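Coordinates in review
Residue-level listing of the chains:
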Amino acid sequence: MKFQAKVTDVTKIEADLLAVFAGSEDAKKVDTAMGGMLSEVAGAEDFEAKPGNLLLIHTHGKIPAKRVLLVGLGKIPELTATDLQTIAAKIGRKAKEVAAKTIAVSLPKELQAQAVVEGLMLGTYTFFKHKSEETQRQEKHIEEVVLLTTPPRLNAVVAGISRGETVSQAVNFARDLVNEPPSFTTPTHLADVSKKLVKGHATMSCEVFGPQEMKKLGMEAILGIARGSEEEPRFIKLSYKGGSSKTVCLVGKGITFDTGGLSLKDSKNMETMKLDMAGAAAILGVFSVLPILKPNINVVGLIAATENMPGPKAVKPGDVVRAMNGKTIEILNTDAEGRVVLADALSYAGVNVKANAIVDLATLTGACMVALGEEIAGMFTDDETLAKDLKRSAAQSGENIWAMPLAREYKEFLKSDVADVKNISGSKYGGAINGALFLQEFAPKGIPWAHLDIAGPAYAEKDTALTPKGGTGFGVRMLLQWLLQ
Ligand code: BES
Ligand code: MN
Ligand code: ZN
């Protein structure tokens, strides 16, 4: 999909499909050029100009564009970034439906080009790599998108296109990683992807630790979870130097497949567990575009990558492991593995990264999905500034997070009889909070830290306009927005 900003009269533009917004000047121009046909059909079809409502008509040669798509926008000030992206995604899907290769979108001045580009690129995303060549050939593609604007806005639209393309590329990169089969996206593969990402970029570097190095570092927690698998674990450290004295550390859960271990999941719940490295994928998505966006801040990415398998050497309920910060963990449920591997990753951040803020992303608990559903991530932090900044970045970029409590009163449920903490709570309630409280035991003291439980929004169980079924790339947009501010 190639994007271009142009200052051209809508009634002169050539395209397979021209999208105009209901009530806009351009819609009126098109209507006039078509002898009132657009308003006539809209009336006959009872078209309501609600956000995302669409009406498609042929132009019968009255204007150079082959089809006009009338798009409802509603009242612009009320629309969020998500709304705008969703509307653009619907335009993209409609264009694909009618096999339009070239499309033009008339941008009202209130509409951000970035949101439109993101909607089009995210909404038309497919993961067809493993389908037959025949199916891949039949898949329709939008080849060219022209965004029509006015001379005073041209520069802003050009910049918006560039930003939107880069951000979407990063999101779709993360989606691909999640959507790939789990026997392909192994910890070793994540390490290889990381090394490839930094290649040729003077501002970036990557270190990969294997089992021996991890042992030397004292990462018994990750090694414990990795024991049930034939695949070797990897601890990955990515660095980006943005030429500032400030450093942000991003930590990602990279369970490349979560069977639950000996506390085995049932088949239904295991079906989607390739998603369990979505936190890691989001970080890799972010790093994939840092050299393009060049935020003025240093970024360290830490990925704890392993499978969670019930092999003969697997940790058993009741086993005790020592995390890198010296705290011991009684593993009572091997399916609560994410917090165990993150214990080492957060400890590592405390010892080896001089961070001004730490944010971890993890598909940590089914309980967070019960609490907030499939669209919203839970945010746990005691730092109000960080909470405000992350919340704002999410809202501005079209993602949704909600502050949840790090409720001190539930800490006692994590007490173990034989170790410092146990990996499941003594209470059957508040599962997302309990997971976060466990992580807090390992987050370095004195550094603002936020935990994002992305179990819900990381993976779409059904198609929506903006996110086709599968990996969503959640977190990439909000993190990029945050880093750029
Ligand atoms: N990866 C899962 C959490 C998850 C569930 C993510 C569904 C996305 C969709 C995690 O490792 C897990 O199994 N958590 C357990 C924790 C419990 C044993 C305390 C859960 O949520 O059931
Ligand atoms: Mn699990
Ligand atoms: Zn998991």
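In this text, all values refer to a predicted model and were calculated from it rather than measured experimentally. (Residues numbered from 1 in each chain as written. Chains lettered and ligands numbered in written order. Predicted model: local features only at pLDDT ≥ 70, side-chain atom pairs only at ≥ 80, totals over all residues. Heavy atoms only, no water.)

Let's shift gears to the side chain of glutamine 440. If you trace the backbone, glutamine 440 turns up in helix H15 (residues 431-440). Since its relative accessible area comes to 16%, glutamine 440 is described here as buried. Separated by 3.2 Å, the side chains of glutamine 440 and aspartate 382 make a polar contact. With near-sequence residues (within four places) excluded, glutamine 440 lies in contact with Asp382, Leu406, Lys411, Lys445 and Trp449. (Helix = DSSP H or I, 4+ residues; strand = E, 2+ residues; numbered from the N terminus. Buried < 20%, exposed > 50% of the residue type's maximum accessible area, 1.4 Å probe, protein only. Polar contact = N/O pair within 3.5 Å; in protein donor to acceptor, adjacent residues only side chain to side chain. Contact = heavy atoms within 4.5 Å.)

When cut into domains, the chain gives domain 1 (2-149) and domain 2 (173-484). Taken over C-alpha atoms, the centre of domain 1 sits 38 Å from the centre of domain 2. Each partner contributes to the interface: domain 1 provides 15 residues, whereas domain 2 provides 17 residues. Both faces considered, domain 1 and domain 2 share a buried interface measuring about 1,300 Å² in area, 56% of it formed by carbon and sulfur atoms. (Domains from an automatic or database assignment. Buried area = accessible area lost by both parts, 1.4 Å probe.)

What the 6 strands build is an open sheet, ordered E1-E6-E5-E2-E4-E3; its pairing is mixed. This sheet does not close on itself; its edge strands, each paired only once, are strand E1 (2-6) and strand E3 (54-58). The average angle at which neighbouring strand axes cross in this sheet is 20°, direction not considered. Alignment of strand E5 (residues 102-106) against strand E6 (residues 144-148), held across 5 bridges, turns out to be parallel. Residue pairing across strands places alanine 104 opposite valine 146, the latter belonging to E6. Contacts from helix H2 (residues 37-44) reach strand E2 (17-21), E3 and strand E4 (67-71), with the element oriented near 130° to E3. Of the strands in this sheet, E1 and E6 are in contact with helix H6 (residues 154-179), which crosses E1 at around 170°. (Pairing = 2+ DSSP bridges. Axes fitted to C-alpha atoms, helices over the stretch in contact; angles between N-to-C directions.)

Turning our attention to unusual backbone geometry. Despite not being glycine, aspartate 46 has its phi angle at roughly 55°, a positive value. When you line up the elements, aspartate 46 lands in the loop between H2 and E3. Phi is positive for alanine 99, close to 60°, though the residue is something other than glycine. With respect to the helices and strands, alanine 99 occurs in the loop between helix H3 (81-97) and E5.

Right, let's get into the coordination of the zinc ion (ligand 3). Taken together, the protein ligands of the zinc ion (ligand 3) are Lys253 (NZ), Asp258 (OD), Asp276 (OD) and Glu337 (OE), with distances of 1.9 to 2.4 Å. A separation of 3.1 Å is found between the zinc ion (ligand 3) and the manganese ion (ligand 2), which share aspartate 258 as a coordinating residue. Here lysine 253, found in strand E9 (residues 247-258), pairs with glutamate 337, found in the loop between strand E12 (328-331) and helix H12 (338-352); they are 84 residues apart in sequence, far enough to count as distant. Lysine 253 gets classed as buried once you look at its relative accessible area, which sits at 2%. The class for glutamate 337 is buried, based on a relative accessible area of 1%. (Donors = N, O, S within 2.8 Å, 3.2 Å for Na, K, Ca; no water.)

This model, assessed by the stated rule, comprises 5 aromatic pairs. Both rings, one in phenylalanine 209 and one in phenylalanine 235, keep their centres 6.1 Å apart while their planes meet at 20°; by these two values the pair is stacked. Of the two residues, phenylalanine 209 sits in strand E7 (residues 204-209) while phenylalanine 235 sits in strand E8 (residues 234-240), which places them 26 residues apart along the sequence. Given the relative accessible area of 11%, phenylalanine 209 is considered buried. Under the relative-accessibility criterion, phenylalanine 235 is labelled buried at 0%. Through successive ring pairs, a cluster of aromatic residues spans Phe209, Phe235 and Tyr348. Looking at arginine 175, its charged tip hangs above the ring of tyrosine 125, at a distance of 5.2 Å from the centre. (Phe/Tyr/Trp six-rings, centres within 6.5 Å; stacked < 30°, edge-to-face > 60°. Lys NZ or Arg CZ within 6 Å of the ring centre and 35° of its normal.)

This next bit is on the site of ligand 1. As a structural note, the neighbourhood of ligand 1 is formed by 17 residues, with Lys265, Asp276, Asp335, Glu337 and Gly366 the closest of them. One of the side-chain nitrogen or oxygen atoms of aspartate 276 is found 2.8 Å away from a nitrogen atom of ligand 1. The side chain of aspartate 335 places a nitrogen or oxygen atom 2.8 Å from an oxygen atom of ligand 1. Starting from 520 Å² of accessible surface for ligand 1 in isolation, the protein chains cover 78%. For the shell around ligand 1, the secondary structure elements donating two or more residues are E9 and helix H13 (366-372). Across the shell around ligand 1, the residue classes tally to 6 nonpolar, 4 polar and 7 charged. (Near = heavy atom within 4 Å. Areas by Shrake-Rupley, 256 points an atom, 1.4 Å probe, with all protein chains shown as cover. Nonpolar A, V, L, I, M, F, W, Y, C, P; charged D, E, K, R; others polar.)

Our next topic: the coordination of the manganese ion (ligand 2). Protein coordination at the manganese ion (ligand 2): the donors are Asp258 (OD), Asp335 (O), Asp335 (OD) and Glu337 (OE), at 2.1 to 2.2 Å from the metal. Coordination geometry of the manganese ion (ligand 2): the 6 donor atoms subtend angles of 70 to 170° at the metal centre, consistent with an arrangement described as irregular. Going along the chain, you hit the donors of the manganese ion (ligand 2) in the pattern D-x76-D-x1-E. In this structure aspartate 258 comes out as buried when scored by relative accessible area, which is 3%. Take aspartate 335: its relative accessible area is 23%, and that puts it in the partly exposed class. (Tetrahedral: all angles 85-135°; square planar, octahedral: opposite > 155°, others 65-115°.)

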